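# Summary of the model geometry
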Amino acid sequence: MILVAASACSETGEGPTESASADRAKKLICCHTGEAMNPKKDVSRLRERRVRSGVGRRLHEASQLPYTLRQDAQAHWGAGVELAAPRENGCYTGPVISSGAYLVQRVDEKSVIVHRLADVDVSANDNLRRRASENRLSGVQMQIRYVGASAEARFHDPERAAIEEIFGRIHQSAEERFGRGTDSYGAFARQLDEVKQALIEKLRPCPSPSSATRATTARYSRWVARCP
């Protein structure tokens, strides 16, 4: 079972983090909810989310960035990418390359966000801080979240984010259908959490399955066997 989705974080920034992941996520969600995709409506909803989330002005002008940043981005991700500055209170996920005083982050197939390294705090994780001090941030998957004009960076796991996003949507739909607090919702939610945990466990590299992992996987197998 493979689930792929864009991080919910990107809804307050520049849109989906990886276009292929976003397209597959939309198809999965539309199939689940029965809602057809509408590009114009999607753009309108994105604008509404930005307003509600407090996403504000651009923090600097992309036109004033060093030309070498564009060259670096195009060398890594192709000539068609477009550079933009982050927004106040924006949130961005994707791989980065370190280029002097900047972090260049691919957030979509054609979209690249250029962060000023001085505005980004990498101290939330010891490993991330060490990589920054050794200038080894290139290639790292990051979530960069702004509060005002200052940001905090964390490691980002796209596969886990995909699982959390999809299962969160299913939980929400189940709550609307069954009603929160009902026995039907409670039973369904517990089974759903077991399946989600089993998938997350599969993402964790370990030499041999722990007893907890085996128990979780066994519960997942029993749940699948009960499905029509």
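Attention here is on the structure that accompanies the text. Please read all numbers here as calculations on a predicted model, not as lab measurements.

Now for the pattern of salt bridges. Between side chains of opposite charge, a pair can form as their charged atoms come close. In this structure the tally under the stated criterion is seven salt bridges. A salt bridge links Glu-152 to Arg-154; the shortest N-O distance between them is 3.1 Å. With a shortest N-O distance of 3.1 Å, Arg-169 and Glu-165 are connected by a salt bridge. Of this pair, Arg-169 and Glu-165 are both found in helix α5 (residues 158–178), four residues apart, which corresponds to roughly one turn of the helix. Classification of Arg-169 by relative accessible area gives partly exposed; the value is 29%.

Let us now look at helix α3 (residues 67–77). Buried within α3 we find Leu-69, Ala-73 and Trp-77. Seen end-on, α3 carries its buried residues on one side only, within an arc spanning 40 degrees. Pointing more than 90 degrees away from the buried face of α3 are the exposed residues Tyr-67 and Ala-75. Looking at the buried side of α3, the elements it contacts are β1 (82–84), β2 (91–99), β3 (102–106) and β4 (111–116). After α3 finishes, the residue Gly-78 shows a positive phi value of roughly 105 degrees.

This next bit is on the nonpolar core. Proteins that are soluble and globular tend to have nonpolar side chains buried together. Residues Leu-103, Val-120, Leu-128, Met-142, Ile-144, Tyr-146 and Ala-153 are the most contacted members of the largest nonpolar core, which totals 17 residues. Secondary-structure elements contributing two or more residues to this core are β2, β6 (141–147) and β7 (150–155). Setting aside anything within four residues of it in sequence, one finds Leu-128 in contact with Val-122, Leu-137, Val-140, Met-142, Ala-153, Arg-154 and Phe-155.

We now examine α5. For the α-helix, the turn length of 3.6 residues means that residues three or four positions removed from each other point alike. Helix length check: α5 (21 residues) gives 30 Å between terminal C-alpha atoms against 30 Å at 1.5 Å per residue, within 8%. Within the span of α5, buried status applies to Ala-161, Ala-162, Ile-163, Glu-165, Ile-166, Phe-167, His-171 and Ala-174. Just beyond α5, the residue with positive phi is Gly-179, at close to 90 degrees.

Once that is clear, we can look at the pairing of β4. Summarising the sheet, β1 and β4 pair through three bridges and their orientation is parallel. When the bridges of β4 are listed, Glu-82 appears paired with Ser-111. As paired elements, β3 and β4 share five bridges and run antiparallel to each other. Opposite Leu-103, over in β4, you have His-115 as the bridge partner. Once β3 ends, the chain turns through four residues before running back antiparallel as β4.

Calculation notes
Residues numbered from 1 in each chain as written. Predicted model: local features only at pLDDT ≥ 70, side-chain atom pairs only at ≥ 80, totals over all residues. Heavy atoms only, no water. Salt bridge = Lys/Arg side-chain N within 4 Å of Asp/Glu carboxyl O. Helix = DSSP H or I, 4+ residues; strand = E, 2+ residues; numbered from the N terminus. Buried < 20%, exposed > 50% of the residue type's maximum accessible area, 1.4 Å probe, protein only. Arc of directions from axis to C-beta. Contact = heavy atoms within 4.5 Å. Core = buried A, V, L, I, M, F, W, Y, C linked by side-chain atoms within 4.5 Å. Expected span 1.5 Å × (residues − 1). Pairing = 2+ DSSP bridges.

Bear in mind that shape data such as this cannot, by itself, settle questions of function.
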